[in-house]
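Residues per chain, in single letters:
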Amino acid sequence: MFEARLLQGNLLKKVLDSIKDIITEGNFDCSPNGLSLQAMDSSHVSLIDILLESEGFEHYRCDRNIPMGLNITNLVKMLKCAGSDDIVTIKCEDKPDNVTFLFESKDNDKISDFEMKTMTIDDEHLLVPDQTYTAVVKMPSAEFQRLCRDMSAIGDTVHISVTKEGVRFSTTGDMGTANITVRPNPSADLKDEERTEVQITEPVSASFALRYLNSFTKATPLSPTVTLGMVPNLPVVVEYKIADMGHVRYYLAPKIEDEENGGAIEA
Amino acid sequence: MGIKNLKKLISDHAPGAFKDMPLDAYFSRIVAIDASMHIYQFMAVVGRSGEDQLTNEHGEVTSHLQGMMHRTSRLLQAGIKPVYVFDGKPPEMKSGELSKRRAAREQAVEKLKEAKESGDAAAVEKYSKRDLKVTKEHNEECKRLLRLMGVPVIEAPCEAEAQCAELCKHGLVYSVATEDMDCLCFGTTRQSRHMMAPASQKKDVQEFQIDKVLEGMDITMDQFIDICILCGCDYCGTIRGIGPKKSFDLIKKHKCIEKVLENIDLTKNKVPENFDYEQVRRLFKAPEITPATECSPFKWTAPDEEGLIAFMVDEKSFNLERIQSVIKKVKASKSKSTQGRLDSFFSAAPRKPAAGLSLGGKKGANKAGAFGKSTGVTKTKKSGGIRLG
């Protein structure tokens, strides 16, 4: 059986908010190490990778791997019933037909439990290679959110290029063009999470659809900083760390610049 | 017209072999489309009421163009890269089927006359549908339209389905879009039905994978072809008293048509005169096609605006604004087609071979793999590149 008790139940809401625009259903995988989820959007352009490690829970028990297929839209609805300070406990059997969510108020004066039906989801899993990045950019997550929003007011594709000097975001639309350059700011006056850091081994640039980046920024409340990892000609990873818990990561396939070329197909 | 009741047979014995997917899921995939089959469909469906087809002011039929233009633009908007394959000459084997169809058409004309005299509107609709004929001109017009839209067109030496299958087998296309199930007999690895369904129907694409069909039915490809021949295909008659279910059971038991024929009561199950199954097998296995290696690479180009307007508006009297809006949509779809797919960068996690029943186990195994990976990323630190975190 599986049982996990999370003191900051609000965190679960935030995690769900960070994925509900991208997927409508997903398999949460319970394993002795923790709770995880991997899912792609319907057009297979982006991938979500969530990990909530067992250590982050107040109590965690999982005897064997259990896939928990849930409808995300319904789950969000259900979690709306939990107060923001509530303690959340998730429970299910080894081969669950239902998953139980238990919400306890902070002062222990109200307990509610909800049961949700599970579903069998035949999803495709991808092996995300254990990768080293040629460029890693860490910046305040709110700033990244603002930047993506501003960019999408102008165009729908953003070109990101990372050099030693900084990160340049540029876009073009019907009304004109926009460029935003973010420079590393190592000033000692700033707190860690207010700093922008750029580490590169070689300059990288690629184009991405803003529509997806904008949905990724729904994870902003989870973390004060966001980290972008890039490798030439490979998907970008956008990571939001969840303190003491794990992460929400998004992978996004780049736009292919050469449109004459049909691109590789794999069977 | 495909194999009789094959869909049902597959869903009975290999339920894991097909799944419904949203059209979105095909984006940036190259898909071969059996053009001839679809043109016929357009003629039968698009803009029809009673006996009348969609025509322009000169009385020329335009259903096929209307259908082809809008459905193609829908595919392009979904980011799909279509390749249209047209029929060449019909194979000799099909002559029996074709003469049958001709007879059916003549009969339909008779019935149509009767229905018109008696004023039965439903019957008029029914029989006039059967009197449809796709002429060479219709095909040529569609090709011209597609080329103007910047979509690649291939002319098969013989059956379009066979050519589609060849492209699919060699990985030049991801899947074959046709409603006819016999494309699976030609060796198509992945078939997509309802891909050209109108947007208004909101139908999901139904995708079949031959390896899963064979796995689920637990037969070989040769046996699958034999079952299809027994079920009834376009190329020869069927044995009396043997339907899809019986065909499946017989082949499972006796492994091939030769043995089946030895073991059935030939007086009860009468074998038709033209039952040349060996020839049909040959046709399925080695059809007349242009080898994939000789096909020139597909190219999707920007639509020829002036050309399209000249053809569709000036010649075919389509509404100028409508054509312009289609052109706009096709142009806009170009930016979408440059988006890469994640699964072309990352490989799929290994699946357990057993399809269908053992879902629970399979899931667990998969998950463990993916999970191990993600923790791996967090933990390991190597020199060289930069790690996250």
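Fair warning: this is a prediction, and the values are worked out from it, not measured in the lab.

Caption draft 1: Representation of the overall build of chain A. Check the secondary structure of chain A and you find 4 helices and 19 strands. The C-alpha atoms of chain A give 20 Å as radius of gyration, which agrees with the globular expectation for 267 residues (18 Å, within 12%). If one aligns the C-alpha atoms of chain A with their principal axes, the spans along those axes are about 55 × 55 × 35 Å. The buried share among the 267 residues of chain A stands at 55%. Accessible surface computed for chain A: about 12,000 Å², of which carbon and sulfur atoms make up 46%. On chain A, the mean spot of the 26 positive side-chain charges and the mean spot of the 43 negative ones are 5 Å from each other.

Caption draft 2: Summary view of the overall build of chain B. Check the secondary structure of chain B and you find 15 helices and 8 strands. The buried share among the 389 residues of chain B stands at 52%. Once local pairs closer than 6 in sequence are excluded, the contacts in chain B between residues at least 24 apart make up 71%. Surface summary for chain B: the accessible area is close to 18,200 Å², and the carbon and sulfur share equals 51%.

Caption draft 3: Here's a closer look at the UniProt feature "domain: XPG-I" (unreviewed entry) in chain B. Residues annotated by UniProt as "domain: XPG-I" (unreviewed entry) correspond here to residues 147-219 of chain B. The straight-line gap between the two end C-alpha atoms of residues 147-219 of chain B is 41 Å; of that span, 27% is helix and 21% is strand.

Caption draft 4: A look at the sheet that holds strand 4 (residues 153-155) of chain B. All names here are of chain B. Here 7 strands make up an open sheet; going across it, the order is 1-7-6-5-2-3-4 and the pairing mixed. Edge strands, defined here as strands with exactly one partner in the open sheet, are strand 1 (18-21) and strand 4. Within the sheet, the average angular offset between the axes of one strand and its neighbour, ignoring direction, is 30°. Note that strand 1 and strand 7 (residues 205-209) share 4 bridges and pair antiparallel. Bridge pairing in strand 7 places aspartate 20 opposite glutamine 206.

Caption draft 5: Spotlight on the packing of helix 9 (residues 221-231) of chain B against helix 10 (residues 244-254) of chain B. Residues and elements named next belong to chain B. Where helix 9 meets helix 10, the axes come as close as 9 Å, and the angle between the chain directions of the two elements is 145°. The crossing of helix 9 and helix 10 is right-handed. Touching Gln223, Asp226, Ile227, Leu230 and Cys231 of helix 9 are Pro244, Ser247, Phe248 and Ile251, all from helix 10.

Caption draft 6: A look at unusual backbone geometry. Despite not being glycine, A:His44 shows a phi value in the positive range, around 55°. Of note, A:His44 is situated in the loop between strand 3 (34-40) and strand 4 (46-53). Judged by its relative accessible area of 11%, A:His44 falls in the buried class. In the Ramachandran plot, B:Ser317 falls in the positive-phi region, its phi being about 55° despite a non-glycine side chain. Mapped onto the elements of the fold, B:Ser317 is located in the loop between helix 13 (305-315) and helix 14 (320-336). Judged by its relative accessible area of 26%, B:Ser317 falls in the partly exposed class.

Caption draft 7: Here's a closer look at the pattern of salt bridges. Here the structure, examined in full by the defined rule, presents 25 salt bridges over all chains. A salt bridge links A:Arg146 to A:Asp150; its shortest N-O distance comes to 3.2 Å. One end of the pair, A:Arg146, and the other, A:Asp150, are both in helix 3 (residues 141-154), 4 residues apart, so they sit about a helical turn from each other. A salt bridge links B:Lys316 to B:Glu141, with the shortest nitrogen-to-oxygen separation between them at 2.8 Å. With B:Lys316 in the loop between helix 13 and helix 14 and B:Glu141 in helix 6 (residues 136-148), this pair connects stretches of sequence that are 175 residues apart. The exposure class assigned to B:Glu141 is buried, which follows from its relative accessible area of 17%.

Caption draft 8: A look at the nonpolar core. Of all hydrophobic cores here, the largest spans 76 residues; its most connected members are A:Phe2, A:Phe144, A:Phe169 and A:Leu213. A domain split of this core shows at least three residues from each of domain 1 (2-117) and domain 2 (135-252) of chain A. Every residue in contact with A:Phe169, bar those within four places of it in the chain, is listed here: A:Phe144, A:Leu147, A:Met151, A:Val158, A:His159, A:Ile160, A:Ala178, A:Asn179, A:Ile180, A:Val182 and A:Leu228. With 43 residues, the next largest nonpolar core counts B:Val213, B:Phe224, B:Leu261 and B:Val280 among its residues.

Caption draft 9: Focus on the pairing of strand 7 (residues 87-92) of chain A. Residues and elements named next belong to chain A. Across the 6 residues of strand 7, 5 count as buried, placing the element largely inside the fold. Where strand 1 (residues 2-6) and strand 7 come together, 5 bridges link them in antiparallel fashion. Bridge assignment links alanine 4 to a residue of strand 7, and that residue is isoleucine 90. Pairing geometry for strand 7 and strand 8 (residues 98-104), over 6 bridges, is antiparallel. Residue isoleucine 87 lies in a different strand from strand 8, and its bridge partner there is glutamate 104.

Caption draft 10: Local environment of the domain arrangement of chain A. Residues and elements named next belong to chain A. For chain A, the assigned domains are domain 1 (2-117) and domain 2 (135-252). Contacts between the two partners involve 21 residues from domain 1, matched on the other side by 17 residues from domain 2. Taken together, the two surfaces of domain 1 and domain 2 that pack against each other cover about 1,600 Å², and 64% of this comes from carbon and sulfur. A salt bridge links aspartate 21 to lysine 218; its shortest N-O distance comes to 3.3 Å. Our count for the domain 1 to domain 2 interface comes out at 8 residue pairs in polar contact (both at pLDDT 80 or more). Those elements giving two or more residues to the side of domain 1 that touches domain 2 turn out to be helix 1 (9-19) and strand 4. With 8 residues, strand 4 is the largest single contributor of residues to the side of domain 1 that touches domain 2.

Cut-offs used in this document
- Residues numbered from 1 in each chain as written.
- Chains lettered and ligands numbered in written order.
- Predicted model: local features only at pLDDT ≥ 70, side-chain atom pairs only at ≥ 80, totals over all residues.
- Heavy atoms only, no water.
- Helix = DSSP H or I, 4+ residues; strand = E, 2+ residues; numbered from the N terminus.
- Rg over C-alpha atoms; globule rule 2.2 N^0.38 Å.
- Buried < 20%, exposed > 50% of the residue type's maximum accessible area, 1.4 Å probe, protein only.
- Areas by Shrake-Rupley, 256 points an atom, 1.4 Å probe, with all protein chains shown as cover.
- Lys, Arg positive; Asp, Glu negative; His and termini not counted.
- Charge placed at Lys NZ, Arg CZ, Asp CG, Glu CD.
- Contact = heavy atoms within 4.5 Å.
- UniProt positions renumbered as here; feature names shortened; annotations may be inferred.
- Pairing = 2+ DSSP bridges.
- Axes fitted to C-alpha atoms, helices over the stretch in contact; angles between N-to-C directions.
- Left-handed = near helix turned anticlockwise from the far one by under 90°.
- Salt bridge = Lys/Arg side-chain N within 4 Å of Asp/Glu carboxyl O.
- Core = buried A, V, L, I, M, F, W, Y, C linked by side-chain atoms within 4.5 Å.
- Domains from an automatic or database assignment.
- Buried area = accessible area lost by both parts, 1.4 Å probe.
- Polar contact = N/O pair within 3.5 Å; in protein donor to acceptor, adjacent residues only side chain to side chain.

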